[in-house]
Every structure is written in structure tokens, then in C-alpha cells.
Amino acid sequence: MEVDVRAGLQKLAARLGGQGATLAEAGRLSGGASMETWAFTIEGPAGTERLILRHRSAPFDEETARSVSLATEAALIRATGANGARVPIVRHVCDEADGLGEAYVMVRADGETLGKKIVSDPRFDAVRPQLARQCGESLVAIHKTPPPPGLKLKAVDGVAELDRYEEVYRATGARRPILELAFQYLRKHVPPRVEPTLLHGDFRNGNIMFDPGKGVVAVLDWELAHIGDPAEDMGWICTNSWRFGRPDRPVGGFGDYADLLAGYADAGGRPIELSRVRFWQMLGSLRWGVMCLTMYLSWRDGITKSVERPMIGRRVSETEADLVVLLEEGL
Amino acid sequence: MITHPRTEELVESVRLWIDEIRPTLDPRNAFLARVAANALATVQREITEGPAAEAEAVGLMAAVLGHAGDYEALNAELCDGIRAGTYTVETPGLLAALTIMARRQIAIDQPSYKPEGTTAASSS
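Residues numbered from 1 in each chain as written. Chains lettered and ligands numbered in written order. Predicted model: local features only at pLDDT ≥ 70, side-chain atom pairs only at ≥ 80, totals over all residues. Heavy atoms only, no water.

Peer 1: Account for the overall build of chain B, with residues named and values stated.
Peer 2: On a plain count of helices and strands, chain B comes out with 5 helices and 0 strands. Reading chain B from its N terminus to its C terminus gives the helix and strand order α-α-α-α-α. Relative to a compact globule of 124 residues, whose C-alpha radius of gyration would be 14 Å, chain B shows 19 Å and is clearly more extended. When the 124 residues of chain B are sorted by exposure, 39% land in the buried category. Residue pairs at least 24 apart in sequence account for 45% of intrachain contacts in chain B once pairs closer than 6 positions are excluded. Of the accessible surface of chain B, which amounts to about 7,100 Å², a share of 59% is contributed by carbon and sulfur atoms. For chain B, the distance from the average site of its 10 positive side-chain charges to the average site of its 17 negative ones is 9 Å. (Helix = DSSP H or I, 4+ residues; strand = E, 2+ residues; numbered from the N terminus. Rg over C-alpha atoms; globule rule 2.2 N^0.38 Å. Buried < 20%, exposed > 50% of the residue type's maximum accessible area, 1.4 Å probe, protein only. Contact = heavy atoms within 4.5 Å. Areas by Shrake-Rupley, 256 points an atom, 1.4 Å probe, with all protein chains shown as cover. Lys, Arg positive; Asp, Glu negative; His and termini not counted. Charge placed at Lys NZ, Arg CZ, Asp CG, Glu CD.)

See the structure below:
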């Protein structure tokens, strides 16, 4: 499914910018195996618009995929935004006429998304102590958004997630005692069921845009949105693999548990116990460990030949080094 | 084994050459070249530190399981035992052994990684 994105953006410029509008610049920001992000600018009678295109570059089956379709992603961003969440502004959801395949357009926001910068760049020193609280507040508006009707969102709980990743782990054929122990431990400590809510599903440092003055600008990357335990979104941002070298600051490498939880409760979220967050944090490390194994396998099986993949396989040991400490401490 | 050069020195020479040409590459290839250099650094550490780490792991697993064996057999038995519930976080010496093994492995795979529990003083 080769799509000429540049040609598509030119057409889009006329559609979005009105008569005589042109594409002033366009460049690819990032490209994964299946998803591309482009930054582009339209100049037209109404002025200049700086935009972002999210575009799928490989076939997608919503039934079997873990991620949601881009149309669903756009609908969720609009719904959570309308409910007060800090999210991008969706400008346009592409259709057949655009010739861009599965894609949507957002207004480009200004801010930093590189996790390492948020954690260590002096520009963020002043705002950093506020960020964990703001992350808690941001989650409330997302979790309190009723999922728009008609969307295909998967429902996941702790047991289902453990089943899913244990199945993936077994299929890899890897034998790792620490991962085995984490599966067994977590199965014995699944927290009691709570009312499930809409979840972002990939809420971590790296997927949130921050401003050095204001803090949280927008929560990005919605492709793993689903329905589940609200503590899951909190546990993932506390997983050490996303603390960028600051394990002493459990929330994203920039803040403390207490601020995250207080920000959530003070903004009207149903209070969440720390042990529940820690369950999902431990499951987060385990999940990332299993994902690292599958990335190695995608190289071994010839699905992708990038040198990056086998090297990510060697990141399993980072999750093991984290898991042994969490197992020692308990939830 | 040939010593002039040793295997790890061959690997190191390629890694250093990659680092040398990295600035001449386009951003995508510069990134992949950095990953490639990191991969060779891991290979280098595995050659020099791997045998001792594996020998230590064999000793630790043998102590938990109560009998000797090779790495693969002990590792498989430990995995099966944990899955069956024979060994748990309460098993004396198990977590301590796994912690040492994890530290040795991360020292080979990613020595700059700061695991959970690293304090502020040692992480700055």
C-alpha cells in the first residue's frame, strides 16, 4: 500500500486551506514499522497553518491488532479534549478523497516530548516538581470521558493482561526465571476489580508533550487506548524503563507517587491506592520485557532487518533488574 | 585462542571505526550506527565478562536447586519449578540469587542502566 504522502499533502492543502492554498513545507518526523508522522505547513488566504499528519503505512486489521484505527484515535482525542483533557486538536480525519489511506491531521503544538530532556534538561527544572501532579490531573479528564459510541475498544483487566503476555512469552520459547517469577507473583496479587474506564493505554514519559513554563501541553500517541483499570495508566508512567536514568523519581523520572495520586484525587478522580499502581507498574516492567523479546523475534524471523530490533532484545535484562527489586519490595 | 588480536579486540576495532564514521551519516543511519556500535560493545563485554557471569549463575542456581548441572539445564529446571509454584519469592535464597544474576546480565547488556532502587545520590 504505497501512498505518495507529499502529493497527498499538496491536495490536502487545497482542501483545508481554501482556494489558492499551497503546501509550504513538509517533512517526515518519525516512522515506525507501520506508522508515519509528518509535519507540514499550509499557506493560504486564511493565513499559515502548522499541522501534523498521522498516517498508517502498512495494512491494519482492527479485529486482531492491539492498537486502534486512526479514525478511532482521532475520535478519542476529540472526545477527551471536549471533556477537558489536554490533548492535540484534531483538524481533519482523512477520507477516500484525500488519497492518503488511513490518516488524520492535528494542529501542531509546541513543546518537548523527549523523555530524557524532561527529566534532565535545566529548562524544565522550575516546572518539573509540578509535573507528576499535572499528570494525575490530566488522567482524570481522560478516565472520566465516556467512550464515544460505536468505537471498537478492547476491555482489559489484570488477569487478561497477564494471560495475554504469558501466552506471548511462552510462544517466544525464551526461558527467563525472573519473568516466570513475576508472572506467578502478579497472578497472586491481582487487585480487586474496579469500575473500568477509558484508558490512554500508553501514558508514559515520551508520549506527553511538556512546556518548560506550563507543564503538560498535550497527551499524544493514542493508538493503544482501551477500557480497563484506571491504575494501569498510572503504573505505566511509573515503570522504570520510562524514567530515563532517574529511578529515584518514580513518576516518569520527574516526580513522586504521592503527587501523581494527589493530583488525580484532587481533580475529582476516584482515589487510587499506591499498591494498585505498583501492581500495574510491575506488570509494566514485565510487559516491556516480553515486548523486547518479541522485537528480537521480529528480526530473527525476518519480519524486519533493522539492527535496532535484536539490540532491543537485550533490554529484557533491564526489566529483570527492575523486577527483582520490585519482587523484593512487594507491592 | 589467537591473541594478536584477541576476539574482543577485533570487535572493539570495528566499534571504534563505526563511531568514527557516524558524524558523516544521515540522521537515520547515524542513529542505527550508534545502535550497531552499542551492539558491538555488548559483544565485547559478553566475551570478557560472560564466562564468569555464567559460571556464577550456574553456582547460584545449583545452590537453589540443590544439585549441579549445566546452565541450560539448571535454568530450565528453575523456570519450570517457578511456573509450577515449587519456587516462589519466599524460597530462601531465590530472590538473592536472581538479583545477582540480573545485575551481572545488565552489566553486559546495558551498563549505564540504573535499575529500580538506585538512589538519587548514585544516579546523578
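Peer 1: An account of the pattern of salt bridges is needed here, citing residue identities and associated values.
Peer 2: Residues and elements named next belong to chain A. Across all of its chains, the model carries 37 salt bridges over all chains by this definition. Asp98 is the salt-bridge partner of Arg15, the closest N and O atoms lying 2.9 Å from each other. Taken as a pair, Arg15 in helix α1 (residues 5–17) and Asp98 in the loop between β4 (90–93) and β5 (103–107) lie far apart in primary sequence, 83 residues in all. Residue classification places Arg15 among the partly exposed positions, given a relative accessible area of 42%. A salt bridge links Arg54 to Glu73, with the shortest nitrogen-to-oxygen separation between them at 2.8 Å. Residue Arg54 is located in strand β3 (residues 47–56), and its partner Glu73 is located in helix α2 (residues 70–82); the two are separated by 19 residues in the primary sequence. A relative accessible area of 6% places Arg54 in the buried class. Residue Glu73 is classed as buried on the basis of its relative accessible area of 0%. (Salt bridge = Lys/Arg side-chain N within 4 Å of Asp/Glu carboxyl O.)

Peer 1: So, the nonpolar core: which residues are in play, and what are the values?
Peer 2: Soluble, globular proteins show a tendency: their nonpolar side chains are buried together. Counting 91 residues, the largest nonpolar core has Cys135, Phe210, Ile237, Phe254 and Leu286 of chain A together with Leu78 of chain B as the members making the most contacts within it. Here this core takes 11 residues from helix α9 (residues 274–300) of chain A, the largest share from any one element. Ignoring any residue separated from it by four or fewer positions in sequence, one finds Leu286 of chain A in contact with Leu162, Leu179, Ala182, Phe183, Leu186 and Leu323 of chain A. (Core = buried A, V, L, I, M, F, W, Y, C linked by side-chain atoms within 4.5 Å.)

Peer 1: Describe α9 of chain A, and please don't skip the residues or the numbers.
Peer 2: Residue and element names in this part refer to chain A. Look at α9: 39 Å from first C-alpha to last across 27 residues, which is about the 39 Å you get at 1.5 Å a residue. Most of α9 sits out of view: 20 of its 27 residues are buried. Downstream of α9 by one or two residues, Gly302 has phi in the positive range, about 80°. (Expected span 1.5 Å × (residues − 1).)

Peer 1: Could you give me a rundown of the domain arrangement of chain A, with the residues and numbers involved?
Peer 2: Residues and elements named next belong to chain A. Examined at the domain level, chain A breaks down into domain 1 (5–107) and domain 2 (115–329). The C-alpha-based centres of domain 1 and domain 2 are spaced at 26 Å. Buried area between domain 1 and domain 2, summed over both chains or domains, comes out near 2,100 Å², and the portion from carbon and sulfur atoms is 58%. The tally of links from domain 1 across to domain 2 stands at 2 salt bridges. (Domains from an automatic or database assignment. Buried area = accessible area lost by both parts, 1.4 Å probe.)

Peer 1: Let's hear about helix α6 (residues 177–188) of chain A: which residues, and what values?
Peer 2: What sets the pattern is the α-helix's 3.6 residues per turn: residues three or four places apart point alike. A rise of 1.5 Å per residue sets the reference length of α6 of chain A, with its 12 residues, at 16 Å; its end C-alpha atoms lie 17 Å apart and thus fit the reference within 8%. Counting buried residues in α6 of chain A gives 10 out of 12 residues, a clear majority hidden from the surface. Those residues of α6 of chain A lying buried are Pro177, Ile178, Leu179, Glu180, Leu181, Ala182, Phe183, Gln184, Tyr185 and Leu186 of chain A. Buried residues belonging to α6 of chain A abut α5 (158–172), α9 and α11 (316–329) of chain A together with α3 (71–84) and α4 (94–109) of chain B.

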